[in-house]
Amino acid sequence: QDKKIHSICLEDNFPPNIQRILTNPEHICMPGMIDQHIHGIAGADVMDATPQASEIMSTSLVKHGVTSFLATTMTDSIENILRALDIIKHRKKDLNGAELLGVHLEGPFINKKQKGAQSEQHILLPNIVQFKKIQEAIKNDMKLVTIAGELDEDFVLLHYLNEVGLVASIGHSDATYEEMASLLNAKLIQSATHFCNGMRNIHHREPGLQVALLESQAMLEIIADGYHIHPAMIQSIVRQVGCERIILISDSIRANGLPDGTYDLGGQLVQVQGKVCRLVAGNSIAGSVLNLNDARNHMKEWLQLSYVELAKITATNSARLLRIDYKKGAIKAGLDAEFYILNKNDCIVMTVCNGRVVYQDKEI
């Protein structure tokens, strides 16, 4: 009722004159997934800066059980980033599928040593003046910022992010163990962007930021496609930190759902072959063609997680990090009516966003 879950009750207690949708006894209802790190899907990309791209992403994501997402930018010129943000600001409330929650700013405030598939020519040192220029363009719809915190002199930008309530996520960072521990002890970092990727390697004489993050309470984004992180490594991570701190992301690019070939990503060419995406120049892994339903199924297979644990790592934990768990991330009276239905083969057969059926398979 009014786009919210009004109540959960037995059939005998249903109010009269309501619309009913009958599912099969073996079907499972799960809270709508939140993809807080996605660049594109089905031929569209956030940096296209077109109304059509936002709509394609929104309507494509619901087929995979994603009911809300953060439009994730790339390291590019400030002008191009502002152009993309302007579209997001004007299309945010006017989409027909998954809800666009706001922006995840990935770059330009990252470390060139760990740039991965980000454009080196547009990388900037953390700069509060430039950030405020970007923030002004999107106002309150900025939600999460990836930053190489070790380069933030006197932590000026990080202190500002925390003061205004934005999530600061360490990413594309070459921080040492001591540098990362200092940031964490000061409570300036809440999360890690695509954990293990775009980060200084672990070494027995210099553990690096990954070990410091594992020892902390920070949330860890995981790309569970089997290529970005080996399944055995993911098993080790989850054994150490549990499911309360894991957030599955897609880091998906426009090639998601399309044939192998060459695609654009932030002005760079990416070759997609056999579900692996690599820069044509440099051979770095460049995003993924993963969707969150496949990621969830991988985690179920690799770690034998329960559906409750799978709901946490695909919805509840992200909602908590983004401080929207008062309305999203669970199936509970009073929260937004956002959920998806799985069949016995873990395939999506229906997705509901804000109380409205936005995807339906013939099985329902």
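Here the structure is a predicted model, which is why all the values come from computation and not from measurement.

Student: For unusual backbone geometry, give the residues involved together with the corresponding values.
Tutor: Cis rather than trans, the peptide bond between Gly107 and Pro108 has omega equal to 15°. Within the secondary structure, Pro108 sits in the loop between strand 6 (99-106) and helix 3 (128-138). Phi angles above zero are rare outside glycine, and Ala49 is one such case at about 55°. You will see that Phe155, though not glycine, has its phi angle at about 55°, which is positive.

Student: Lay out the pattern of salt bridges in plain terms, naming residues and giving numbers.
Tutor: Per the counting criterion, the structure on display carries 17 salt bridges. A salt bridge links Asp264 to Arg254; the shortest N-O distance between them is 3.6 Å. In this pair, Asp264 sits in strand 12 (residues 261-265) while Arg254 sits in the loop between strand 11 (246-248) and strand 12, placing the two residues ten residues apart along the sequence. The partly exposed category is assigned to Asp264, whose relative accessible area is 32%. Salt bridges sharing common partners tie together Lys4, Glu99, Lys328, Asp336 and Glu338.

Student: I'd love a proper account of helix 2 (residues 78-91), names of residues and values included.
Tutor: An ideal rise of 1.5 Å per residue puts 20 Å on 14 residues; helix 2 measures up with 20 Å between its terminal C-alpha atoms. Within the span of helix 2, buried status applies to Ile78, Ile81, Ala84, Leu85, Ile87, Ile88 and Arg91. Packing partners of the buried residues in helix 2 comprise helix 1 (51-61), strand 5 (66-72), strand 6 and helix 3.

Student: I'd like a rundown of the pairing of strand 14 (residues 276-279), residues and numbers included.
Tutor: Pairing of strand 13 (residues 268-273) with strand 14 involves four bridges; the strand directions are antiparallel. Among the inter-strand pairings, Gln273 is bridged to a residue of strand 14, identified as Val276. The hairpin turn running from strand 13 into strand 14, its antiparallel successor, is two residues long, and Gly274 in that turn takes a positive phi close to 60°.

Student: Can you lay out the packing of aromatic side chains for me, pointing to particular residues and giving the numbers?
Tutor: This structure, assessed with the given rule, holds two aromatic pairs. Here the aromatic rings of Phe131 and Tyr160 are separated by 6.2 Å at their centres, their planes lie at 70°, and the arrangement is edge-to-face. Here Tyr160 lies in helix 4 (residues 156-163) and Phe131 lies in helix 3, a separation of 29 residues in the sequence. Residue Tyr160 is classed as buried on the basis of its relative accessible area, which comes to 15%.

Student: Can you explain the nonpolar core? Please cite residues and give values.
Tutor: Among the nonpolar cores identified, the biggest contains 107 residues, and Phe131, Phe195, Leu213 and Met299 are the most heavily contacted of them. If one sorts the elements of this core by residue count, helix 2 sits on top with six residues. Contacts of Phe131, omitting those with residues within four sequence positions, involve Leu105, Phe109, Met142, Val145, Leu157, Tyr160, Leu161 and Leu166.

Student: Hey, could you go over the layout of surface pockets for me, with residue numbers and the actual values?
Tutor: Roughly 1,300 Å³ of volume is contained in the largest pocket. For the largest pocket, the lining is made up of 29 residues, of which Ser7, Phe14, Ile18, Gln19 and Phe339 are closest to its centre. Sorting the residues of the lining of the largest pocket by element identifies strand 15 (339-342), strand 16 (348-353) and strand 17 (356-360) as the ones contributing at least two each. Residues of the lining of the largest pocket, tallied by class, amount to 16 nonpolar, eight polar and five charged. If you add up the space inside the second largest pocket, you get close to 320 Å³. In terms of lining residues, the second largest pocket is bounded by 15 residues, among which Lys3, Lys93, Leu95, Glu99 and Asn354 are the most central. Counted by class, the lining of the second largest pocket contains four nonpolar, two polar and nine charged residues.

The rules we used
Residues numbered from 1 in each chain as written. Predicted model: local features only at pLDDT ≥ 70, side-chain atom pairs only at ≥ 80, totals over all residues. Heavy atoms only, no water. Helix = DSSP H or I, 4+ residues; strand = E, 2+ residues; numbered from the N terminus. Salt bridge = Lys/Arg side-chain N within 4 Å of Asp/Glu carboxyl O. Buried < 20%, exposed > 50% of the residue type's maximum accessible area, 1.4 Å probe, protein only. Expected span 1.5 Å × (residues − 1). Contact = heavy atoms within 4.5 Å. Pairing = 2+ DSSP bridges. Phe/Tyr/Trp six-rings, centres within 6.5 Å; stacked < 30°, edge-to-face > 60°. Core = buried A, V, L, I, M, F, W, Y, C linked by side-chain atoms within 4.5 Å. 1 Å grid on protein atoms, 1.4 Å probe; cavity = no way out; pocket = protein on both sides within 12 Å on 5 of 7 lines; lining within 4 Å. Points joined across faces, edges and corners; volume = space filled by probe spheres on them. Nonpolar A, V, L, I, M, F, W, Y, C, P; charged D, E, K, R; others polar.

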